[in-house]
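Structure assessment
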Amino acid sequence: MNLEIIVYLCAKITTDMVIEYEKDYLEELYNDGKCTNKKYRFQKQVVTKYQKRIDTLMAATRLEDLFVFNSLNFEALNNGFYSIQIDYHYRLEFKVRQEGSEPIVTICTVTDITNHYQ
């Protein structure tokens, strides 16, 4: 007797977060590693860590994926904003929204780099 087994795999389609930038200098810092506006100059180490944090946001499929990284010091702020630590002095602030029905696309809007202790 032949026993035939048919397995159906259902996979939920997930996509990485889509990153939007609220301010032009944030996109310049990520793409070019520097900014044309002298008001937004940061040390090279801060820019490098900022780029790594944006890569981390891009790789996440949902907000909960960021909870497992203790080094991010993920925080929920007021009015639907969130922040993760860039380094000891700077934090990256962002907000998240979801669009679409299937698959759901998570859009992360990067709003600002703030000095955590000022």
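Residues numbered from 1 in each chain as written. Predicted model: local features only at pLDDT ≥ 70, side-chain atom pairs only at ≥ 80, totals over all residues. Heavy atoms only, no water.

1. Side note on the overall build of the protein
How we decide: The numbering of helices and of strands both runs from the N terminus, where a helix is a DSSP run of H or I of at least 4 residues and a strand a run of E of at least 2. To sort residues, take the accessible area from a 1.4 Å probe on protein chains only and compare it with the maximum for the residue type: under 20% means buried, over 50% means exposed, and anything in between is partly exposed. Any two residues having at least one pair of non-hydrogen atoms within 4.5 Å are treated as being in contact. Computed with a 1.4 Å probe, the accessible areas rest on the Shrake-Rupley method; for each residue, only the protein chains presented here act as cover.
In terms of helices and strands, the protein carries two helices and five strands. Shown N-terminal to C-terminal, the secondary structure of the protein runs as helices and strands in the order β-α-α-β-β-β-β. The buried share of the protein, reckoned over its 118 residues, is 31%. Pairs at least 24 residues apart make up 49% of the contacts formed inside the protein by residues separated by at least 6 positions. Summed over all atoms, the accessible surface of the protein reaches about 8400 Å², with 49% contributed by carbon and sulfur.

2. With respect to the environment of lysine 34
Mapped onto the elements of the fold, lysine 34 is located in the loop between α1 (24–32) and α2 (44–59). Placed 10 residues apart in sequence, lysine 34 and lysine 44 show a C-alpha to C-alpha distance of 8.5 Å. When residues no more than four places from it in sequence are discounted, the contact partners of lysine 34 are Glu28 and Leu29.

3. Some remarks on the pairing of strand β4 (residues 90–99)
Going by this rule: When DSSP locates at least two bridges between a pair of strands, those strands are taken to pair.
Bridge count for strand β3 (residues 81–85) against β4 is five bridges, and the pairing is antiparallel. Within β4, the position partnered with isoleucine 84 by the bridge is leucine 92.

4. Details of α1
Cut-off, in case you're wondering: It is the directions from the helix axis to the C-beta atoms that the arc portrays.
Buried residues of α1: Tyr25, Leu26, Leu29 and Tyr30, and no others. Mapping the buried residues of α1 onto a view down its axis gives an arc of 135°, with all of them on the same face. Across from the buried face of α1, at angles greater than 90 degrees, the exposed residues are Asp24 and Asp32. Phi for glycine 33, located one or two positions after α1, is positive at around 80°.

5. A short note on the side chain of glutamine 51
Summarising the element assignment, glutamine 51 is placed in helix α2. Filtering out sequence-adjacent residues up to four positions away, glutamine 51 remains in contact with Leu29, Tyr30 and Gly33.

6. Let's talk about the nonpolar core
Here is the rule we go by: Residues belong to a common nonpolar core when they are buried Ala, Val, Leu, Ile, Met, Phe, Trp, Tyr or Cys residues joined through side-chain atoms within 4.5 Å.
Ranked by internal contacts, the top residues of the largest apolar core, which has 25 residues, are Tyr50, Ile54, Leu57, Leu92 and Val110. Of all the elements in the fold, those that place two or more residues in this core are β1 (18–21), α1, α2, β3, β4 and β5 (105–115). The residues contacting leucine 92, other than those within four sequence positions of it, are Tyr50, Arg53, Ile54, Leu57, Tyr82, Ser83, Ile84, Ile86, Val110, Asp112 and Ile113.

7. Examining a nonpolar patch on the surface
Where we set the bar: In this analysis, a patch consists of residues with relative accessible area above 30% that form no salt bridge, clustered at 9 Å for like charges and at 5 Å for the nonpolar side chains Val, Leu, Ile, Met, Phe, Trp and Tyr. Any carboxyl oxygen of Asp or Glu that lies within 4 Å of a side-chain nitrogen of Lys or Arg is treated as forming a salt bridge with it.
Together, Phe67, Val68 and Phe69 make up a nonpolar patch on the protein surface, roughly 320 Å² of accessible area in all. Its place among the elements puts phenylalanine 67 in the loop between α2 and β2 (75–76). On the basis of relative accessibility, which here comes to 45%, the residue phenylalanine 67 falls in the partly exposed class.

8. Concerning α2
As a reminder of what qualifies: A helix is expected to span 1.5 Å for every residue after the first.
Its 16 residues place the ends of α2 23 Å apart at the C-alpha level, agreeing with the 22 Å of an ideal helix rising 1.5 Å per residue. Of the positions making up α2, those classed as buried are Val46, Val47, Tyr50, Gln51, Arg53, Ile54 and Leu57. The buried residues of α2 all sit within an arc of 160° when viewed along its axis, so they share a single face. Those residues of α2 that are exposed and aimed more than 90 degrees away from the buried face are Lys44, Gln45, Lys52 and Ala59.

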